[in-house]
Amino acid sequence: MKGRLTIFTFALLLLPLAGLYLSGAEWSNLMATFPAEDQSAGATLRTSIMLLIYVLIINHTVKRLTKNDPLDTQRRFFIELSIASALTGWLLSYLNIFAASWTAPQDHPWLVQVLLYTPLFALLAPAVLVTSALFGAFPGRIKPFDCRPPLPATASTIMARILLPLALLGLMSGAAWPAQLFWLLWISPLLLLTSLQLLSHERAILAQPGDRGRVICAALSGIAVGNLAVISYQSNASLDINLPNMLIAQSGLALFGLLCLQLGDVLDQPDKSLIQDKP
């Protein structure tokens, strides 16, 4: 697990820089300046508190529906997930320096920003997975999507050998030509993490029976949690989404939900997954 997460982290840090270097661009070209504002601290704190309350409410609802308390029965998992979520949030913010898919003007030193945004990022993946657990509490809604055998080992290896080069290429080319390939840059983290799981013969999304239902739940959860966080932040401070249309923005949130699901599978054992496979 630690090896996969280490490779994932360093790939996201180094490959975009390599792509930027190969394209002939300079780091200073990315550091565009935006008018600073003094409302971002309050907006970040309010959004973090809102997400915390949301997680507690959804977790209580899941407990009432299933008699299972995810935050209690999987406490260690959620602590590890929060740490990984915070790291992933900062990695995605780093990728946004290359893609500029959103802008949030800041007037705080970097240390203050770390203290402000780390709790917010740490809540995102837990919020997505407890929301997925809520959707999974209604098995009749997703059962029609779960009738599929697992991927054979040979097919998993072949898929990994396809996804891994595509992910590495996407991290480089998406950073080099963000105007045309920003979408490939944002898909690459999920492709990379999935391919590492497949190569390690661990659980990867769409490679296990029942994963179609889990994928749908996670994608919908990413959209729900992402919109909730964005609306909360935008109601208190400036946050501009620099994407061609709303459909692409919502697809990006669904992609984030899938990344959270795959991240949870990296941290968790297959037989202890938050959303159990339905027979």
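Please refer to the structure placed before this passage.
Since the structure is predicted, the reported quantities are computational estimates derived from the model, not experimental observations. (Residues numbered from 1 in each chain as written. Predicted model: local features only at pLDDT ≥ 70, side-chain atom pairs only at ≥ 80, totals over all residues. Heavy atoms only, no water.)

**Q** Help me out: how do you make sense of the overall build of the protein chain in this one?
**A** Each helix and strand counted, the protein chain has 10 helices and 2 strands in total. Seen in sequence order, the protein chain has helices and strands lined up from the N terminus as α-α-α-α-β-α-α-α-α-α-β-α. Considering only contacts in the protein chain between residues 6 or more positions apart, those separated by 24 or more positions represent 84%. For the protein chain, the accessible area works out to roughly 13,900 Å², and carbon and sulfur atoms hold 69% of it. (Helix = DSSP H or I, 4+ residues; strand = E, 2+ residues; numbered from the N terminus. Contact = heavy atoms within 4.5 Å. Areas by Shrake-Rupley, 256 points an atom, 1.4 Å probe, with all protein chains shown as cover.)

**Q** How should the packing of aromatic side chains be read in this particular structure?
**A** Centre distance and the angle of the planes are the two values used to describe a pair of aromatic rings. Across all of its chains, the model carries 6 aromatic pairs by this definition. Relative to Tyr 117, the ring of Trp 90 has its centre 6.4 Å away and its plane inclined at 80°; by these criteria the two rings are edge-to-face. Linking Trp 90 in helix H4 (residues 75-99) with Tyr 117 in helix H5 (residues 110-136), this pair joins segments that are 27 residues apart in sequence. Judged by its relative accessible area of 9%, Tyr 117 is buried. An aromatic cluster is defined as three or more aromatic residues linked by ring pairs; in this entry it consists of Trp 90, Tyr 117 and Phe 121. (Phe/Tyr/Trp six-rings, centres within 6.5 Å; stacked < 30°, edge-to-face > 60°. Buried < 20%, exposed > 50% of the residue type's maximum accessible area, 1.4 Å probe, protein only.)

**Q** Can you walk me through the nonpolar core in this structure?
**A** A general feature of soluble globular proteins is that nonpolar side chains tend to end up buried together. Residues Phe 8, Leu 51, Leu 81, Leu 95, Leu 171 and Leu 192 are the most contacted members of the largest nonpolar core, which totals 69 residues. Elements with a minimum of two residues in this core: helix H1 (2-23), helix H2 (40-66), H4, H5, helix H7 (153-176), helix H8 (178-199), helix H9 (211-234) and helix H10 (246-267). Top element by residues in this core is H5. It accounts for 13 residues. Apart from residues lying up to four places away in sequence, Leu 95 is in contact with Leu 12, Pro 16, Leu 171, Leu 185, Trp 186 and Pro 189. (Core = buried A, V, L, I, M, F, W, Y, C linked by side-chain atoms within 4.5 Å.)

**Q** Explain a nonpolar patch on the surface here, please?
**A** A surface patch of nonpolar side chains, about 460 Å² in accessible area, is lined by Trp 110, Leu 111, Val 114 and Leu 115. When you line up the elements, Val 114 lands in helix H5. (Patch = residues over 30% accessible without salt bridge, like charges linked within 9 Å, V, L, I, M, F, W, Y side chains within 5 Å. Salt bridge = Lys/Arg side-chain N within 4 Å of Asp/Glu carboxyl O.)

**Q** Would you mind showing me how to read the packing of H4 against H10 here?
**A** Packed helix pairs are specified by the crossing angle of their axes together with the interaxial distance, meaning the distance between the axes. Interhelical geometry of H4 versus H10 gives an angle of 135° and a closest axis separation of 10 Å. With respect to their mutual orientation, H4 and H10 come out oblique. Every pair of crossing elements has a handedness; the one defined by H4 and H10 is right-handed. Contacts between H4 and H10 involve Phe 77, Glu 80, Leu 81, Ala 84, Ser 85, Thr 88 and Leu 92 from the former and Phe 256, Leu 259, Leu 263, Gly 264 and Leu 267 from the latter. The class makeup of the residues in the contact of H4 with H10 is 8 nonpolar, 3 polar and 1 charged. (Axes fitted to C-alpha atoms, helices over the stretch in contact; angles between N-to-C directions. Parallel < 35°, antiparallel > 145°, perpendicular 65-115°, else oblique. Left-handed = near helix turned anticlockwise from the far one by under 90°. Nonpolar A, V, L, I, M, F, W, Y, C, P; charged D, E, K, R; others polar.)

**Q** In this structure, what is going on with the pattern of salt bridges? I would like to understand it.
**A** Pairs may arise between side chains of opposite charge once their charged atoms sit close together. Counted by the stated rule, this structure contains 3 salt bridges. Between Arg 76 and Glu 80 there is a salt bridge, with the nearest N and O atoms lying 3.3 Å from each other. With a gap of 4 residues between them, Arg 76 and Glu 80 both fall in helix H4, about one helical turn apart. On the basis of relative accessibility, which here comes to 24%, the residue Glu 80 falls in the partly exposed class. One salt bridge connects Asp 265 with Arg 214, and the closest N-O pair in it is separated by 2.9 Å. You can see Asp 265 sitting in helix H10 and its partner Arg 214 sitting in helix H9, a full 51 residues away along the chain. Looking at Asp 265, the relative accessible area reads 7%, which means it is buried. By relative accessible area, which is 3% here, Arg 214 ends up buried.

So yeah, pure geometry; function would need other evidence.
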